[in-house]
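Coordinate inspection notes
Take a look at the letters that make up each chain.
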Amino acid sequence: MIKHTKSKSFYDTFERKGPGQKVTHYCPGCGHGTIHKLIAQALDELDVQDRTIVCSPVGCSVFAYYYFDTGNIQCSHGRAPAVATAMRRVHDDAIIICYQGDGDLAGIGTTEIIHAANRGENLTVFFVNNAIYGMTGGQMAPTTLFGQKTMTTPTGRTMAQDGAPIGVAEIINAIKSPVYVERTSLGTPGKIQKTRKAIKQALQNQVEKKGFSLVEILAPCPINWKMEPLQARKWLQEHLEPVFPVKQFRDNSDELIQAQFSTKLPWKSDEEVLDYFGVNKEQKQVKQEKEIEEQLVKFSGFGGQGVMLGGVLMANCATEEGLNATWLPSYGPEMRGGTANASIIISQDSIGSPVVDFPNVLIAMNGPSLDAFEEKVHAGGTILVNSSIVSQKISRSDVTAVYIPVSDLASEVGMIAGANIIMLATYLLVSKIMDINTLRKVLPESIKKKQFVDINMKMIDKAEEYFKEHLS
Amino acid sequence: MSKQLLKGNEAVAYGAIMGGATHFFGYPITPASEIAHKAAEIFPATGRFFMQAESEVSVINMLYGAAAAGARSMTASSGPGMSLMMEGFSYIACAELPCVVVDVQRAGPGLGNIWPEQGDYTTVVTGGGHGNYKCVVLAPNSCQEMCDFTYRAFEIADKYRTLVFILSDAYIGQMMEPVQLPTEMKHGERKDWALYADKESRNNLVTSIFMNQKIMNDVNLNLQKKYRKIEEELVEYEEVDVEDAEYIFIAFGITARVCLTALKKIRDTGIKIGLFRPQTLYPFPKKRLNELAKKCKGFIVAELNAGQMADEVELTINCKIPVLRYNWFGGTVPSIEEVIERTVADLGGK
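Residues numbered from 1 in each chain as written. Chains lettered and ligands numbered in written order. Predicted model: local features only at pLDDT ≥ 70, side-chain atom pairs only at ≥ 80, totals over all residues. Heavy atoms only, no water.

1. With respect to empty space enclosed by the protein
Any empty space left between atoms is shown by rolling a water-sized probe over those atoms. All names here are of chain B. Note the following rule: Points on a 1 Å grid over protein atoms alone make up a cavity when a 1.4 Å probe fits among them but cannot get out, and a pocket when they form an open set with protein on both sides within 12 Å along at least five of seven lines; lining residues each have an atom within 4 Å of a point. Grid points are joined across faces, edges and corners, and a volume is the space filled by probe spheres set on the points. In this classification, Asp, Glu, Lys and Arg are treated as charged, Ala, Val, Leu, Ile, Met, Phe, Trp, Tyr, Cys and Pro as nonpolar, and every other residue, Gly included, as polar.
One pass over the full model with this rule turns up one cavity of 30 Å³ or more. Taken as a whole, the largest cavity spans an internal volume of roughly 30 Å³. As for the largest cavity, its lining consists of Gly 26, Tyr 27, Pro 28, Ile 29, Ala 32, Ser 33, Ala 36 and Ala 76. Residue classes in the lining of the largest cavity are distributed as six nonpolar, two polar and no charged.

2. What to know about the sheet that holds strand β5 (residues 180-185) of chain A
Defined as follows: Any two strands between which DSSP finds at least two bridges are classified as paired. The numbering of helices and of strands both runs from the N terminus, where a helix is a DSSP run of H or I of at least 4 residues and a strand a run of E of at least 2.
Taken together, the eight strands give an open sheet; going across it, the order is β7(A)-β5(A)-β6(A)-β4(A)-β3(A)-β1(A)-β2(A)-β9(B), and neighbouring strands pair in mixed fashion. Looking at the sheet topology across the chains shown, the edges are occupied by β7 (248-251) of chain A together with β9 (205-206) of chain B. Strand direction decides the pairing type here: β5 of chain A and β7 of chain A, joined by three bridges, are antiparallel. Pairing of Glu 182 of chain A across the sheet is with Gln 248 of chain A, part of β7 of chain A.

3. Re the packing of aromatic side chains
Test applied: What counts as a ring pair is set by centres within 6.5 Å for rings of Phe, Tyr and Trp (its six-membered ring), and what kind of pair is set by the plane angle: stacked under 30 degrees, edge-to-face over 60, tilted for all other angles. Each residue is placed in one exposure class: buried if its accessible area under a 1.4 Å probe, protein chains only, is under 20% of its type's maximum, exposed if it is over 50%, and partly exposed if it falls in between. The rule is short: NZ of Lys or CZ of Arg within 6 Å of the ring centre and within 35 degrees of the ring normal puts a charge over the ring.
A complete count under the given rule lists 18 aromatic pairs over all chains for this structure. Centroid distance Phe 277 of chain A to Tyr 14 of chain B: 4.8 Å. Interplanar angle 90 degrees. Geometry classified as edge-to-face. Here Tyr 14 of chain B lies in helix α1 (residues 8-18) and Phe 277 of chain A lies in the loop between α10 (270-276) and β8 (295-302), a pairing that spans two chains. Each member of the pair, Phe 277 of chain A together with Tyr 14 of chain B, is buried. Joined through ring pairs, the aromatic side chains of Phe 14, Tyr 26, Phe 63, Tyr 65, Tyr 66 and Tyr 67 of chain A make up one cluster. Against the face of Trp 193 of chain B rests Arg 161 of chain B, its NZ or CZ located 4.2 Å from the ring centre. Residue placement shows Arg 342 of chain B over the ring face of Tyr 326 of chain B; its charged tip is 4.1 Å from the ring centre.

4. A word on the interface of chain B and chain A
For the record, the criterion: Should any heavy atoms of two residues lie within 4.5 Å, those residues are counted as being in contact. Salt-bridge detection follows one rule: a side-chain nitrogen of Lys or Arg within 4 Å of a carboxyl oxygen of Asp or Glu. Here a polar contact means two N or O atoms within 3.5 Å. Within protein one must be a hydrogen donor candidate and the other an acceptor candidate, and residues neighboring in sequence count only if both atoms are side-chain atoms.
In this assembly, 73 residues from chain B lie in contact with 70 residues from chain A. Linking chain B with chain A are four salt bridges. The tally of links from chain B across to chain A stands at 27 residue pairs in polar contact (both at pLDDT 80 or more). The biggest single contributor to the side of chain B that touches chain A is helix α3 (residues 56-68) of chain B, with eight residues. Considered class by class, the residues forming the side of chain B that touches chain A number 41 nonpolar, 19 polar and 13 charged.

5. With respect to the pairing of strand β3 (residues 49-52) of chain B
Residues and elements named next belong to chain B. The line we're drawing: A crossover gets the label right-handed when its path from the first strand over the helix to the second runs clockwise, viewed with the strands pointing away from the viewer.
Burial along β3 is one-sided: the face carrying Phe 49 and Met 51 is buried and the face carrying Phe 50 and Gln 52 is not. Alignment of strand β2 (residues 23-26) against β3, held across four bridges, turns out to be parallel. When the bridges of β3 are listed, His 23 appears paired with Phe 49. Handedness of the β2-helix α2 (residues 33-45)-β3 crossover: right-handed.

6. As for the nonpolar core
Rules: Take the buried residues of types Ala, Val, Leu, Ile, Met, Phe, Trp, Tyr and Cys, join any two whose side-chain atoms come within 4.5 Å, and each joined set is a nonpolar core.
Ile 73 of chain A together with Phe 89 and Phe 299 of chain B are the most contacted members of the largest nonpolar core, which totals 170 residues. Examining the composition of this core, we find that ten residues originate from one element, helix α7 (residues 143-160) of chain B, more than from any other. For Phe 299 of chain B, the residues in contact, after removing those within four places along its chain, are Ile 248, Ile 250, Leu 289, Leu 292, Ala 293, Val 313, Ile 317, Ile 321, Pro 322, Val 323 and Leu 324 of chain B.

7. Things to note about the domain arrangement of chain B
Residues and elements named next belong to chain B. Keep this limit in mind: Domains are outlined according to an automatic or database domain assignment. Take the accessible area each of two parts loses on contact, using a 1.4 Å probe, and add the two losses: that sum is the buried area.
By the assigned domains, chain B splits into domain 1 (4-233) and domain 2 (238-347). For domain 1 versus domain 2, the distance between C-alpha centres works out to 28 Å. Facing 32 residues of domain 1, the contacting portion of domain 2 comprises 25 residues. Together domain 1 and domain 2 conceal approximately 2200 Å² of surface at their shared face, both sides included; 55% is due to carbon and sulfur atoms. For the domain 1 face of the interface with domain 2, the top three residues by lost area are Gln 118, Tyr 121 and Asn 141, together amounting to 32%. Taken together, the connections running from domain 1 to domain 2 amount to two salt bridges. A salt bridge links Arg 277 to Glu 145, with the nearest nitrogen and oxygen atoms 2.7 Å apart. The interface formed by domain 1 and domain 2 contains 20 residue pairs in polar contact (both at pLDDT 80 or more). Of all elements in the fold, only α6 (121-125), β6 (136-138), α7, β7 (163-169), α8 (170-174) and α9 (213-233) reach the threshold of two or more residues within the side of domain 1 that touches domain 2.

8. Side note on the sheet that holds strand β11 (residues 247-250) of chain B
Residue and element names in this part refer to chain B. Which entries qualify depends on this criterion: Throughout, an axis means a line fitted to C-alpha atoms (over the contacting stretch in the case of helices), and angles, computed between N-to-C directions, take values from 0 to 180 degrees.
Here we have five strands laid out as an open sheet, ordered β10-β12-β11-β14-β15, and mixed in their pairing. A single partner strand is all that each edge strand has here, and the edge strands are β10 (237-240) and β15 (323-327). Each strand axis lies, on average, 20 degrees off the axis of its neighbour in the sheet, ignoring direction. Bridge analysis of β11 against strand β12 (residues 273-278) gives four bridges, and the strand direction is parallel. Bridging from a neighbouring strand, Phe 249 pairs with Leu 275 of β12.

Right, here's the structure in full:
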């Protein structure tokens, strides 16, 4: 015996609708009402009404929130799976339904549905396929059949013009992650019962946190098909079902796979976050009292010579000594092979532009760097040259030139890539702007690969040794 | 307490978590990617959530969903990604969802290049998408402000139920400076309108469709009322040497820093020049600009675009005093020397 009672997951009267609060906005013979009813019944049976959120699409079911007495959100055209994904990742125990039509899901929203399915989001998608755009007045959908006349295919859909009708269940079934994919039909009362079962299964899967379920439901649209309701049911069976086979494509709901979709990570408390970010760290900074001249540094060389890191370490030293500093990379294609450079400014005052067009310190790790920037150095400035690979001498007499074979020295220590550290250390020793021991302090924290810390510390010793012998 | 050397983009991610952000949705784009990189590291490490979405269109709809679900959520992008998110901005504005979007501007139009520009000014300041709405726009000009503005953005977003943009640029995003992280963590509170998937919030609806014209009209009037309140309460700016200034640079972001360095040297030539830097681009500091327009002879609006803020300034002061326009495009940032030369040539002897 069939009991005709209204599901409690429906509102008693549809107040959000405005006038006509006892009837839906759907047309006579439309499939949405039936599907809504089956969903509401399943929500009742699973006892999940309070924790359910229905995502309405753009299309005839845009107003699904008139009817479902659940949390409701209306989504932009085709994007419900993205909206639902985010809500899923906020509320672990929510039951989230994406209710989408064929224009919404199979047209504009293909990206979102594919990727939500591929992530295996623990969501339930009800895809209503009626082979036409309803809300906008009967235009061609991606699922419109060959020969089917719509407002935008007045002489019937053809392969040459619009391609073939898209099988959504087949596409979703081609993706590994979903747990459940089924296509059903509203063609006969028997098929409606099968649809009821599929809807409940797809929701049950979500309750059990099993992953992504999609039920494609073939539904009639008598108004836009320009048919009587009964004729539409018949047409659905005779024309839609042969193109879109009604069957279960996949049911992995008995397999235990839910662990894969658990994304909750241990929450760090305020104190733990402050510790992790180093905010609570007690740090003694070597406050410098002496006056320093603002340093406008260009640290330049081949990509791969470590000029970026050299610059970062320099700025780190300044930060450590309580000075203001900026570091700005010259990034982009020229980093590969060509000249890479970083602008560093160190000052006791606040720093305006971080761009160094005219340096007072040029660090030239290779020849092209010297060619590019020598002329731009301020009179009275300093140029440090990697004399291991730069054979030319500085032509200007109004700047201080420091030649140091950093690549050779680094090789002697055992790693040519340490030349940038020797150069930076030499700059600190020559300029006396900052303490060499500040570099010893910041270097271990700044080098990501910890196995290289020791050898880089030796580079600093090497620089000091060379400075004492040749430059002081 | 000590400062850490951070990239502007990294500072955003730290400021976000400390400001209460729990969900970050990202899509790679230069020069904003380091925000997603840092977020991918520190959001999961602190039990927050990070996801790389399949497109910026999905990203903005994820923000719509996360914000609707009551979470403090954010993303970061640049020009082309911003263009893709416009429809979502409009939905978020109408549904009055609080969230934060960082735009690390690159040069355009089109794919443009990855160097700094301020060409997104008008799009972002006017809200971007369709319909009558505004979003709060904060304009940092240092790594410290990248952190601080993001930290505060979530409070502003929640308080006014609005999207907050952080309008930055490739240099402010890519450069490093010492940054003092905030010392106190903030958190969002439960919102009576959001969807928590529980009995208490079951009757809530998040939507931007109002078929009844009268209701849609009221929705718009309410939004406008909110914007007037924001204009009253949120305006912020910084001034340098404006008290005795005859001329004033008006600039934001990286351009303001170039002007700041140039300003000192221009003053050495005897020209009394100051700097006015809006820190909020919406709401725009209209009242203060009108006061300044009464006191000085002219404004110089310096920006990395075709004069988008200059239009706003002229409109604001009703063209009371001359507004010179210094504009650069394509990723070009002027040298200090160029700004000095041009300013002295334009103002010297006047």
